[in-house]
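# Report on the structure
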Amino acid sequence: MKIPFKFTFELVPGRTSRGKPVDSILTFAKKAASDRKLAALSITDNAGGNPALAPQALGYEIKSLGIKPVIHFSCKDKNRNLIESELFELARAGLDNLLVVTGDYPRSGYHGTAKPVFDLDSVHVLSIISDMNNGFLLDHNAPGGEIKLASSKFQAGCVVSPFKRTEPEQVWQYEKLKSKLRAGAGFIISQMGFDIRRFHELRLLVDLITRQSNTKPPELIGTVFLPTRKLARLILEGDVPGCTIPQRLYEKIDTEASSDDKGLMARLERGARLAAILAGIGYDGVHLSGPRLEYEHVAWLIKRTCELVPVWKSFIQEFLWTEEWPFYYFQEDQETGLASCNISERIKHPATGMPERVWFSLNQLIHDMCFEKTGALYEPMQKLSEKVIHSHSEHFYTQAEHVIKKIMYGCMACGDCTLSLMAYICPQSQCAKGLLNGPCGGSCNGWCEVWPTQKKCLYVRAYERDPAIATKTHEMLPPRDWALYLTSSWLNFYLGKSH
Ligand code: SF4
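One structure accompanies this document, and this report is about it.

## Observations regarding the overall build of the protein
Along the backbone of the protein there are 17 helices and 10 strands. Relative to its length of 499 residues, the protein is compact, with a C-alpha radius of gyration of 24 Å against a globular reference of 23 Å. Referenced to the eigenvectors of the C-alpha coordinate spread, the extents of the protein come out at roughly 75 × 55 × 50 Å. Within the protein, the fraction of its 499 residues that count as buried is 52%. Counting contacts in the protein only where the partners sit at least 6 residues apart, residues at least 24 apart contribute 74% of the total. Approximately 23,800 Å² of the protein is accessible, and the part contributed by carbon and sulfur atoms is 55%. Across the protein, the centroid of the 59 positively charged side chains sits 2 Å from that of the 55 negatively charged ones.

Have a look at this one:
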């Protein structure tokens, strides 16, 4: 059992640069810095997809108080050039600890909802950070090209959710975690959740990945979330992307909220018990989060956790909600009720109907004929491409491709087609965030975060067509190259211009 255990706390800046919201964050940080019970304070980046004070602004101040800030770094509001520029800014300021996330889809903004950017995904950002740490070489086309940049010292981490209800969502979460670790994530913070068997599954999976890849184990931090009744209700109703709460737990919180302290002590005690179990099952630390908490509450919870760690096993039953989960990644350990090391059986056949299966097989057949080197049409298509490029017919050829693919897949003419890697579903038009290397954490019961109950997550649909697609360990797909926009992906493929 790992004691002392590491604690961090999440700060959520509001939509202002001064006043009470900022003052109370800094008061919290001052107390935490002098008490030294918290290892770090993390600062969210436009949480919930709403504009807010940038995390680095508070990061500078918190660092100067003598406590480590962890900056949430999301992909939603910035393109790759701003991402690089902000990374230079953070490196310059010594704000080296970053939690890289995809980010929530924008929900509000000045005079309407903001444009979602998502130029890079979280795997790309982790990769650019690793390159910067190694002092990356500018390519020869860039101004000042072919020089090696000074290396940075970032420590970047990532998030994963072990709390997905359906098999496709959970398998994808874990496969994407592998990509994030390969791209350089050095620590993992779990999504918020309450079920200890699910937390235990993540612990076992990280151990398994580490053993199989023979790499240094990443630090694993479990989020202990302390919601108020109001927030618990919002989560239950599906209004907080990627977050779930068991119905029975919500009912408990609802009852507790009628007490004189509005359920405060009950939620602190529950948090301490959950944190104690996480220490017991081998987590390296706990990330505390929740609204309306003063530093004194957090200090009490930390002290209480230390008292409870020796008896952590006695609380396991309180944190099992088996009725919530139709699928577990690992089979149950009958003795403890936690997870065992045996992986659960997956669905044997794609959960799709006949028309979907026929459509998928047909696409595969055509793809293999045209785009695999051994395919019957590969060579003729390649020769045709060489004739068409820079000829009068190039425009017609490009338009014909776009019309055909628009009708069949909702093609957005990115010029670098990834259909064959996504079970023939276009990520540019069918994923709200255009993600190329696995799903975000926002899906709920298989539905997309952005269109719940209307549109399934692209990655769930792809998994249902072909479950093997999630577990194929392919290299990171590079970000979309905007120089190829509105060009022919077929020409780009045969002439070696695309990925
Ligand atoms: S389609 Fe899936 S990965 Fe894309 S935004 Fe929706 S939930 Fe996220």
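This is not the end of the story, as more comes after the structure.
## Regarding the packing of aromatic side chains
Across all of its chains, the model carries 20 aromatic pairs by this definition. Seen in terms of ring centroids, Tyr105 and Phe118 are 6.4 Å apart; in terms of plane orientation they differ by 10°. Their pairing is stacked. Note that Tyr105 is positioned in the loop between strand E4 (97-101) and helix H4 (122-133) and Phe118 in the loop between E4 and H4, a separation of 13 residues in sequence. Since its relative accessible area comes to 7%, Phe118 is described here as buried. Ring geometry for Phe163 against Phe199: centres 4.9 Å apart, planes inclined by 80°, an arrangement best described as edge-to-face. In this pair, Phe163 is assigned in the loop between strand E5 (155-160) and helix H5 (167-182) and Phe199 in helix H6 (residues 196-213), connecting sequence segments 36 residues apart. Judged by its relative accessible area of 2%, Phe163 falls in the buried class. Through a chain of ring-to-ring contacts, three or more aromatic side chains come together here, namely Phe163, Phe199, Tyr283 and Trp325. The ring of Tyr328 is capped by Arg197, whose NZ or CZ atom sits 3.4 Å from the centre of that ring. Of note, Arg198 hangs over the ring of Trp325, and the distance from its end group to the ring centre comes to 4.3 Å.

## Overview of the packing of helix H7 (residues 229-236) against helix H8 (residues 247-256)
The geometry of H7 relative to H8 is characterised by a closest axis approach of 9 Å and an angle of 160° between their N-to-C directions. Comparing the axis directions of H7 and H8 gives the class roughly antiparallel. Both H7 and H8 take part in a crossing whose hand is left-handed. Contacts between H7 and H8 involve Arg229, Ala232, Arg233 and Leu236 from the first element and Gln247, Tyr250, Ile253 and Asp254 from the second. Residue classes in the contact of H7 with H8 are distributed as four nonpolar, one polar and three charged.

## What about the site of the ligand?
As a matter of local geometry, the ligand sits amid Cys431, Ala432, Lys433, Leu435, Pro439, Cys440, Ser443, Cys448, Glu449, Cys457, Leu458 and Tyr459. Of the residues that constitute the shell around the ligand, the class distribution is nine nonpolar, one polar and two charged.

## Describing the pairing of strand E7 (residues 219-225)
Here is the key point about a regular strand: its side chains alternate between the two faces of the sheet. Counting buried positions over the seven residues of E7 gives six, a clear majority of the element. Where strand E6 (residues 187-190) and E7 come together, three bridges link them in parallel fashion. Bridge assignment links Phe187 to a residue of E7, and that residue is Glu219. The β-α-β motif built from E6, the intervening H6 and the parallel element E7 has right-handed crossover chirality. Where E7 and strand E8 (residues 285-289) come together, five bridges link them in parallel fashion. Looking across to E8, one finds that Gly222 is bridged to Val286.

## Observations concerning helix H13 (residues 394-409)
Look at H13: 22 Å from first C-alpha to last across 16 residues, which is about the 22 Å you get at 1.5 Å a residue. Taken residue by residue, H13 has Tyr397, Thr398, Glu401, His402, Lys405 and Tyr409 as its buried positions. Buried residues in H13, looked at end-on, bunch into an arc of 130°, giving them a common side. Exposed residues pointing more than 90 degrees away from the buried face of H13 are listed as His395, Phe396 and Ile407. For H13, the secondary structure elements touched by its buried residues are helix H11 (354-371), helix H12 (378-388), helix H14 (427-430) and helix H17 (489-494).

## Some points on the environment of Pro162
Along the chain, the position of Pro162 falls in the loop between E5 and H5. Overall, the relative accessible area of 0% leaves Pro162 in the buried class. Sequence-wise, Pro162 and Ile147 are 15 residues apart; in three dimensions their C-alpha atoms are separated by 42 Å. With sequence-adjacent residues up to four places away left out, Pro162 is seen in contact with Gln170, Tyr174, Ser190, Gln191, Arg198 and Leu202.

## Re the pattern of salt bridges
For the coordinates displayed, the defined rule picks out 26 salt bridges. Put simply, Lys78 and Asp45 hold a salt bridge, and the shortest N to O gap is 3.2 Å. Of this pair, Lys78 sits in the loop between strand E3 (68-74) and helix H3 (80-92) while Asp45 sits in the loop between strand E2 (40-43) and helix H2 (55-65), and the two are 33 residues apart along the sequence. Given the relative accessible area of 10%, Asp45 is considered buried.

## Side note on the pairing of E4
Of all five residues in E4, four are buried; the element is thus mostly enclosed. As paired elements, E3 and E4 share four bridges and run parallel to each other. Among the inter-strand pairings, Ser74 is bridged to a residue of E4, identified as Val101. The β-α-β motif built from E3, the intervening H3 and the parallel element E4 has right-handed crossover chirality. The pairing of E4 with E5 spans four bridges and is classified as parallel. By the bridge assignment for E5, Leu98 is matched with Ala156. This β-α-β element, E4 to H4 to E5, shows right-handed connectivity.

## Notes on the sheet that holds E4
Spatially, the eight strands close up into a barrel ordered E1-E2-E3-E4-E5-E6-E7-E8, and their pairing is parallel. Strand-to-strand, the axes of this sheet are offset by a mean angle of 30°, without reference to chain direction. On the sheet, helix H9 (residues 264-280) packs against strand E1 (6-11), E7 and E8 and is oriented at approximately 160° with respect to E7.

Rules and cut-offs
Residues numbered from 1 in each chain as written. Predicted model: local features only at pLDDT ≥ 70, side-chain atom pairs only at ≥ 80, totals over all residues. Heavy atoms only, no water. Helix = DSSP H or I, 4+ residues; strand = E, 2+ residues; numbered from the N terminus. Rg over C-alpha atoms; globule rule 2.2 N^0.38 Å. Buried < 20%, exposed > 50% of the residue type's maximum accessible area, 1.4 Å probe, protein only. Contact = heavy atoms within 4.5 Å. Areas by Shrake-Rupley, 256 points an atom, 1.4 Å probe, with all protein chains shown as cover. Lys, Arg positive; Asp, Glu negative; His and termini not counted. Charge placed at Lys NZ, Arg CZ, Asp CG, Glu CD. Phe/Tyr/Trp six-rings, centres within 6.5 Å; stacked < 30°, edge-to-face > 60°. Lys NZ or Arg CZ within 6 Å of the ring centre and 35° of its normal. Axes fitted to C-alpha atoms, helices over the stretch in contact; angles between N-to-C directions. Parallel < 35°, antiparallel > 145°, perpendicular 65-115°, else oblique. Left-handed = near helix turned anticlockwise from the far one by under 90°. Nonpolar A, V, L, I, M, F, W, Y, C, P; charged D, E, K, R; others polar. Near = heavy atom within 4 Å. Pairing = 2+ DSSP bridges. Right-handed = clockwise from strand over helix to strand, strands pointing away. Expected span 1.5 Å × (residues − 1). Arc of directions from axis to C-beta. Salt bridge = Lys/Arg side-chain N within 4 Å of Asp/Glu carboxyl O.

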